[in-house]
Each structure stands twice: as structure tokens, then as C-alpha cells.
Amino acid sequence: MTHSATESTHRSGTRRSGTDRDGSHPDSNGQDTTGSNQSQGPRPLRIRILGPMEISGQGENRTPSAPMARRLLAALLLHANEQVRTSTLIDELWDGEPPRLARKTIQTYVYQLRKPPHPAVVGTGAGGIGERVETCPNGYRIRLAPDELDLWQFERHLARARVDLGDGDPESAARRLRVGLALWRGDAFADIETGPALAARVAQLADARLGAVELRVEADLRLGRHHRLMGELRQLTADHPLNEEFAAQFMLAAYRSGQRGTALETFGQLRRDLVDELGIEPSHRLQRLQRDVLNEAPALDLAPDRATAVRATDAQAAPVAPEAPGMPAAVLPVTPVIAQLPADTPDFVGRRAELARIVTHAKSGSDPLLTAPQVVTVLGQAGSGKSTVTVRAAHLLREHFADGQFHVRLHDENDRPTDPAAALRSLLRDIGMRVYELPDQVDELARIFRSWSADRSLLLVLDDAYGPEQVLPLLPGGSLSAVLVTSRVRLPGLPGAANVELGPMETDDAVELLASLAGADRVGADVDAARQTVRLTGNLALGVRAVGEKLAARRMWSVTELAARLAPENHRLAELGSGSLDVLGRLAGACARLAEPDSQALAGLAGAGAVPFDIPRAARTLAMDTWAAELLVGRLLDHHVVEIAESAPGAATVYRIPELLRLVAQTHAHARDMADAELRLMSGTPLRAGQAAVPCFTSVLSTTA
């Protein structure tokens with residue numbers, strides 16, 4: 001983490017509110033109030049904190065020797081040209097356990113700072129650090145000029161180098177970074193005992209230093225100096241075995257040096273370390289780099305004009321040395337735009353209106369008055385084709401989101417909801433951040449992602465969301481991005497989200513999909529049977545695809561024979577479950593996600609047959625009053641396991657359970673009845689003739705999905 005160039009400029013003495021350019025604070029009459037010594041101007045100092053703290057002036061050492069005074073000075077230098085409250089200094093020096101007279105003790109340490117460092121140096125005008133320390137209301141301030149602190153010099157070199165590299169001048173960037181990195185003599189404040197604030201700042205500075213080294217070697221890599229970076233990178237990956245940046249950099253340098261085997265070994269070692277230590281796979285970017293190395297992708301090669309220049313100058317070029325003892329360099333290849341969208345479906349059919357709505361809503365983020373990402377939720381029952389439609393829409397939108405397209409699954413392979421913190425770590429890892437340095441709290445991870453994405457144009461596909469609490473932390477910052485969310489359940493609490501509902505496929509579209517899978521000639525020979533076949537699947541996209549693949553595999557069957565095999569309800573699920581698509585498993589999973597009372601109610605309604613029902617009929621079937629039945633049916637609607645069959649103004653709304661889902665729920669109800677009967681027989685209390693196991697709905701109003 002590095003401070004921005006703006007922050008560095010502020011801290012370097014640039015004019016701020018109520019501050020003159022020379023660093024003094026005028027009073028209301030425009031008079032300088034910093035003391036008489038400032039009237040002649042402080043003598044220049046050289047303050048070095050990027051290593052052991054050293055202060056010199058006029059060729060003499062001005063570093064305080066008292067340990068606690070040095071700690072106090074370090075705390076002031078952290079906020080140079082800014083007031084530091086006495087309470088902050090107390091927390092830093094004693095970490096929550098201050099002495100009884102802590103404020104008086106602070107005054108003593110300030111007095112020690114203001115004393116001349118050597119007996120021979122007499123008077124406040126001798127150019128010591130003490131003359132820079134001012135007493136303020138409730139605190140102290142240390143005044144520094146822009147060029148007096150080595151940290152500010154380093155940050156300026158780093159900021160300018162970033163600009164140079166962005167402008168296509170790696171030579172200038174590498175030169176500036178070498179100058180900036182030469183300021184480091186070890187860890188920042190290496191000889192100071194750290195309190196909580198100083199320890200946190202030291203860690204930030206270490207990260208900034210490492211980032212500068214990475215940037216310098218990126219510049220060298222663009223200049224074609226990969227041969228001379230191999231030794232550094234070999235050591236760097238050994239010292240930082242979990243660092244994906246360094247591994248990627250070593251892989252690129254090794255590949256360009258003709259050592260493809262070394263590049264692949266580096267990836268393999270990184271993967272083993274990540275799996276053993278963190279239980280995760282290498283990032284999408286690293287996996288793509290490995291594939292590119294395997295395939296000898298031209299994109300990894302040095303640009304032809306640069307390669308020519310390297311060959312012309314490499315013989316007389318001096319070796320590249322590390323910038324500081326113990327700090328080897330790293331290579332950061334240019335990060336390609338992340339494009340994680342799954343492959344589009346070649347035989348995509350229909351859904352033109354839904355696609356148009358998704359694309360239109362997602363592109364509406366260009367509205368200049370919008371300050372948040374555009375969110376589109378694509379809702380429907382299991383197997384309705386939500387993911388397929390959303391991926392197709394995302395591919396249509398790619399060119400509008402040039403900074404990257406991400407794809408995140410919000411359920412794992414065991415159908416468990418993905419923790420938002422885990423999803424955020426995956427996103428942050430893919431954009432190049434170090435996983436082991438990220439915080440644990442989801443709010444902190446979300447803040448980092450929002451900050452990174454605020455000015456970028458990104459497209460996120462969040463597939464199979466369980467609830468809004470999963471989605472909200474993953475929303476990017478700014479208004480340039482869009483998020484497409486698929487879910488089987490309604491997602492209240494997503495402000496401004498546009499909802500697109502996917503119902504059953506149109507019959508003509510379903511027949512067209514069947515024909516694309518089984519052959520247009522076979523389906524065209526008996527269109528009526530084809531229409532009957534897709535209706536037997538409830539026009540469910542997953543069901544149509546399943547019967548289409550089965551018909552394609554059974555060349556001896558006609559469409560009429562397939563329809564006849566699907567007609568008996570007790571055969572239909574078996575026919576659909578014998579293909580490559582797990583229709584039964586997908587639909588059973590939809591039932592399993594329901595709360596127990598809702599799952600029991602769905603089984604009860606399914607057991608009543610295929611006849612549509614209104615609220616009074618549902619109440620009679622479930623043995624509850626109409627108010628409770630209406631609440632329950634509403635929850636089933638929200639989970640898309642019940643759909644509206646008929647709705648007209650002034651008439652009662654009629655509902656139904658989607659065809660295949662009804663059969664699955666009916667099967668579960670039968671299994672539950674069998675289990676209840678077996679339990680009663682084992683306990684010696686057999687059921688009376690005609691008695692069925694009755695689900696208990698005692699918690700139906702208190703439990704929500």
C-alpha cells in the first residue's frame with residue numbers, strides 16, 4: 001500500500017488549508033506564529049527514516065539519542081507538517097498502558113528533542129531537529145521542507161516513474177526507480193521500537209518498497225533485460241513462495257530467456273505451495289500464463305522493435321544489480337484484461353426479449369447522473385436457462401466493459417452458498433493482489449474491491465446467488481460497471497436492480513432447440529409429437545435439452561416414440577435422468593434449498609396432482625387458513641417453485657407447480673410417506689387404513705427461506 005502522489009505532496013509541505021507555502025501557519029492578522037526562530041528560516045536538515053533513523057544538518061549528526069524521545073520523534077515524522085494530538089502520542093508510546101503522568105512525560109521527551117544533540121552545539125539556531133517541533137493546542141507538530149525527508153523523495157520518484165511507464169517510457173521509469181530505491185538502507189525505522197501506529201506504517205512502507213522494485217523490474221523487462229533478471233527472480237520466488245506476482249514474473253522472464261521448463265516448474269511449485277498452505281489454486285491470470293507458456297503464445301514474446309534494440313545493446317550493457325541489500329527485484333508482466341466469461345452456447349435459441357432487456361439495463365450505466373453500478377437480476381426456476389441467457393448477454397456486452405469481465409459462482413460443487421469473503425478474495429487475487437496479505441473481514445475486502453473498481457468499466461456475472469447478503473459486498477464502486485446476477489430466489493434489498501424473469505420457453509423456441517440437438521429432419525417429420533414432447537417437460541430449457549440429447553443418442557427412436565415414453569408420469573423422470581444432464585438432481589436441489597415447512601408444503605401441493613390451484617384450494621390441501629396459505633404460496637413464488645398459471649383483474653389468481661418440479665416434489669412426498677410408515681411399523685403403531693402421513697406446519701409462519 002503506497003500513499004498517492006497527492007498525499008505525498010501534502011505531507012511534503014505543499015500549501016494546505018490555513019498553511020503558507022513555507023509551512024508556517026499565519027494567524028488572523030497574517031503574522032507568523034511559529035516562533036522567532038522561524039523568522040530567519042530553519043536551517044536545512046536531511047532526515048532519513050528508510051532504514052535506521054538518521055538526522056543530519058550542516059555536516060553534523062543531529063539524531064536524538066534518548067530511546068523514548070526517538071520514538072516520539074518517529075511518531076511526529078509519521079504525520080510531518082500535521083498536528084499530532086497528545087492522546088495519539090500516548091497511545092503510540094505506551095500502547096494502552098500509559099504512566100500516571102503521561103502528559104508530563106511527553107513534555108519531557110519534547111524537551112529532550114529540543115536540546116542540542118551534542119554539548120558543542122549550543123542554542124536553538126544550531127540547525128537541530130528540536131527547532132522544528134512546535135507546541136499546538138492538545139498536541140505537537142514537526143515542520144519539514146519538501147526535500148528534507150527521504151520518504152517523500154522516494155514517493156515522488158515512484159509517482160513519476162508510474163507516469164513514465166504509463167506514457168511508454170520504461171527507460172526513464174527504471175532510472176527514476178533506481179534513484180528512489182537507493183534511498184532505502186533497510187527496513188523503515190529499523191532501530192526504533194514500534195508502537196501500533198508505527199508498526200502499521202512500517203508494514204505499509206515495506207509493501208511500497210516491494211511495489212517499487214516490482215515496477216522497476218517491469219520497466220527492465222519491457223526493455224528486454226530478462227536474461228539479467230533470472231538470478232534475482234530465482235531468489236525472490238524462493239524468499240516469497242506464496243507470492244503469485246513474483247512467480248508470474250519469473251515465468252515470463254524464464255520463458256523469454258529460452259527456459260520454458262523453468263517457467264513451468266515455477267508454476268508447479270507455486271501451485272503446490274498455495275494448495276498446501278492456503279488450500280487454494282493459482283489465480284486465473286497465473287493459469288492463463290501457464291497455458292500460454294505451454295502453447296508458446298506469441299503474446300509472451302518481446303515486441304519485435306524492442307527485441308532488435310536489445311540485441312544491439314545487450315553485449316555492452318552493464319549487469320543490473322539489486323537496489324538495496326536483501327531486496328532482490330521482481331518482474332511484473334503487463335497484466336492482460338481479465339476475461340472470465342464462460343463459453344457462449346452455440347445452439348442458443350429464443351429468449352430475444354429477455355436478452356434485450358438485460359443488455360439495455362446493463363448499458364444504462366452510461367447515464368451521467370448515475371453514481372452506482374447497474375445491477376440486473378435474472379430470476380427463474382432451476383433449469384430455466386438463467387446462466388445460459390446471462391452468459392449470452394454478457395458476451396454481447398463485452399465491448400462496453402473494456403476493463404475486464406469477471407465470473408463468480410455463488411454456490412460450490414456441493415450446492416453450499418459461497419461465503420462473500422471467499423468470493424472477494426478470489427476477485428482480489430485475480431486482479432493481482434496478494435491473498436495472504438488481505439484482511440479477513442468481508443467489509444474490509446469489499447472496501448478494497450470498491451476502491452480498485454471505482455474508476456474502471458467492469459462487467460461482473462454473479463451466478464446462482466442465494467440472497468442479497470451475498471451480492472451486496474461484491475458490487476463494484478463507481479457507475480462505469482454493471483453486474484448481472486442469476487438466482488432462483490427473488491433478491492430484495494438490491495437498490496436500483498432491474499429484474500428480468502425467465503419463465504418456460506415458448507413452445508416454438510423449445511421445438512427449435514430440440515431440432516438443433518436431435519436433427520431438424522427428425523423433428524420436422526413429426527412437429528406435433530415434438531410439441532407434445534417439449535410440453536411434457538414443462539417447456540423447461542434443461543428438460544428440453546435433456547430429451548434432445550437423448551433423442552440424438554437413440555437414433556432408432558422417432559419423436560413420436562419419445563413422446564410416448566415420456567407420457568407416463570411415473571416414467572418421465574427416469575427417462576430424463578438417464579442422460580448426461582442431471583435433471584433430477586438439479587430440480588431436487590431446488591427443493592432442498594427450501595426451508596423445511598416450505599418443502600413440506602410444496603410436497604403436499606404436488607401430491608394433490610397436476611390441477612392448478614388457488615389460495616382457498618391450497619389452504620384446504622395443506623389444512624391451514626387462507627391467510628397462512630397465502631403467505632406460504634408467496635414464499636414458494638419467491639423461490640420459483642410455484643408459478644402463476646392465470647391472473648386477471650377481478651379474478652382469483654391461479655397457481656401451478658412447474659411440471660418436472662411437481663414430479664420431483666411428488667417423489668419426495670412419496671419417499672417421506674414411506675419413511676413415516678416404516679417408522680410407525682417399527683414402533684408398533686401401524687397406520688389406519690387409508691391414513692397418510694400428514695406434514696406438520698407448526699413453524700410455517702415463523703420460518704423463512
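Residues numbered from 1 in each chain as written. Predicted model: local features only at pLDDT ≥ 70, side-chain atom pairs only at ≥ 80, totals over all residues. Heavy atoms only, no water.

Visitor: Can you explain helix H7 (residues 196-222)? Please cite residues and give values.
Guide: Since one α-helical turn is 3.6 residues long, residues separated by three or four positions face the same way. Its 27 residues give H7 an end-to-end C-alpha distance of 39 Å, which sits within 8% of 39 Å, the value for a rise of 1.5 Å per residue. For H7, the tally of buried residues reaches 19 of 27 residues, placing the bulk of the element in the interior. Following H7 by one or two positions, glycine 224 adopts a phi angle in the positive range, close to 85 degrees. (Helix = DSSP H or I, 4+ residues; strand = E, 2+ residues; numbered from the N terminus. Expected span 1.5 Å × (residues − 1). Buried < 20%, exposed > 50% of the residue type's maximum accessible area, 1.4 Å probe, protein only.)

Visitor: Hey, could you go over the pattern of salt bridges for me, with residue numbers and the actual values?
Guide: Close approach of charged atoms lets side chains of opposite charge pair. In the structure shown here, the tally under the stated rule is 36 salt bridges. Between glutamate 444 and arginine 447 there is a salt bridge, and its shortest N-O distance comes to 2.7 Å. With glutamate 444 and arginine 447 both in helix H16 (residues 442-453), this residue pair falls three residues apart, about one helical turn. A relative accessible area of 32% means that glutamate 444 is categorised as partly exposed. Residue classification places arginine 447 among the partly exposed residues on the basis of a relative accessible area of 45%. With a shortest N-O distance of 2.9 Å, glutamate 659 and arginine 662 are connected by a salt bridge. Taken together, the positions of glutamate 659 and arginine 662, both in helix H28 (residues 659-683) and three residues apart, correspond to about one turn of that helix. Taking relative accessible area as the criterion, arginine 662 reaches 3% and is therefore assigned buried. Salt bridges here are not isolated pairs; linked through shared partners, they connect Glu171, Arg178, Arg216, Asp220, Arg225 and Glu232. (Salt bridge = Lys/Arg side-chain N within 4 Å of Asp/Glu carboxyl O.)

Visitor: Please set out the pairing of strand S5 (residues 133-136) residue by residue, giving values where relevant.
Guide: With four bridges connecting them, S5 and strand S6 (residues 139-142) associate as antiparallel partners. Following the sheet pairing, valine 133 is matched in S6 by isoleucine 142. The turn joining S5 and S6, which pair antiparallel and follow one another in sequence, is formed by two residues; a positive phi near 65 degrees is taken by asparagine 138. (Pairing = 2+ DSSP bridges.)

Visitor: Tell me about the side chain of glutamine 470, and please be specific about residues and values.
Guide: Tracing the backbone shows glutamine 470 in helix H17 (residues 468-471). Judged by its relative accessible area of 4%, glutamine 470 falls in the buried class. For glutamine 470, the side chain forms a polar contact with the main-chain oxygen of threonine 418, separated by 2.9 Å. The residues contacting glutamine 470, other than those within four sequence positions of it, are Leu410, Pro417, Thr418, Pro420, Asp464 and Ala465. (Polar contact = N/O pair within 3.5 Å; in protein donor to acceptor, adjacent residues only side chain to side chain. Contact = heavy atoms within 4.5 Å.)

Visitor: Would you mind going over the packing of aromatic side chains in detail, with residue names and values included?
Guide: Given two aromatic rings, one states the distance between the centres and the angle between the planes to describe the pair. Using the criterion set out here, one finds five aromatic pairs in the structure. Where phenylalanine 449 meets tryptophan 452, the ring centres are 6.2 Å apart and the plane angle is 20 degrees; that geometry is what we call stacked. Here the residue phenylalanine 449 and the residue tryptophan 452 both occupy positions in helix H16, the gap between them amounting to three residues, near one helical turn. Judged by its relative accessible area of 0%, phenylalanine 449 falls in the buried class. The exposure class of tryptophan 452 is buried, given its relative accessible area of 19%. Here the aromatic residues Phe406, Phe449 and Trp452 are joined through ring pairs into a cluster of three or more. Between arginine 554 and the ring centre of tryptophan 557, over which it is positioned, the NZ or CZ distance is 5.8 Å. (Phe/Tyr/Trp six-rings, centres within 6.5 Å; stacked < 30°, edge-to-face > 60°. Lys NZ or Arg CZ within 6 Å of the ring centre and 35° of its normal.)

Visitor: Could you give an account of the sheet that holds strand S3 (residues 60-61), naming the residues involved and the relevant values?
Guide: Pairing is antiparallel in the open sheet, where three strands are placed in the order S1-S2-S3. Of all the strands in the sheet, the pair left with one neighbour each is strand S1 (46-48) and S3. Across three bridges, S1 lies against strand S2 (residues 54-57) in antiparallel orientation. Across the sheet, the residue bridging to arginine 46 is serine 56, located in S2.

Visitor: Tell me about the sheet that holds strand S9 (residues 459-465), residues and numbers included.
Guide: Pairing between the strands of a sheet comes from backbone hydrogen bonds, and it takes one of two forms, parallel or antiparallel. Sheet architecture is open: five strands sit in the order S8-S9-S10-S7-S11, paired in parallel fashion. Two strands close off the open sheet at either side, each with one partner strand: strand S8 (405-409) and strand S11 (498-502). Averaged over neighbouring strand pairs, the angle between their axes works out to 15 degrees when direction is ignored. (Axes fitted to C-alpha atoms, helices over the stretch in contact; angles between N-to-C directions.)

Visitor: How would you explain the nonpolar core if you had to name every residue and give the values?
Guide: Counting 79 residues, the largest nonpolar core has Ile47, Ile49, Leu72, Ile106, Ile142, Phe154 and Phe189 as the members making the most contacts within it. For this core, the element with the highest residue contribution is H7, accounting for eleven residues. If we ignore the near neighbours within four places in the chain, the residues touching isoleucine 142 are Leu73, Leu76, Leu77, Ala80, Asn81, Ile129, Arg132 and Val133. Counting 59 residues, the second largest nonpolar core, distinct from the first, contains Ala382, Val523, Leu661 and Ala665. (Core = buried A, V, L, I, M, F, W, Y, C linked by side-chain atoms within 4.5 Å.)

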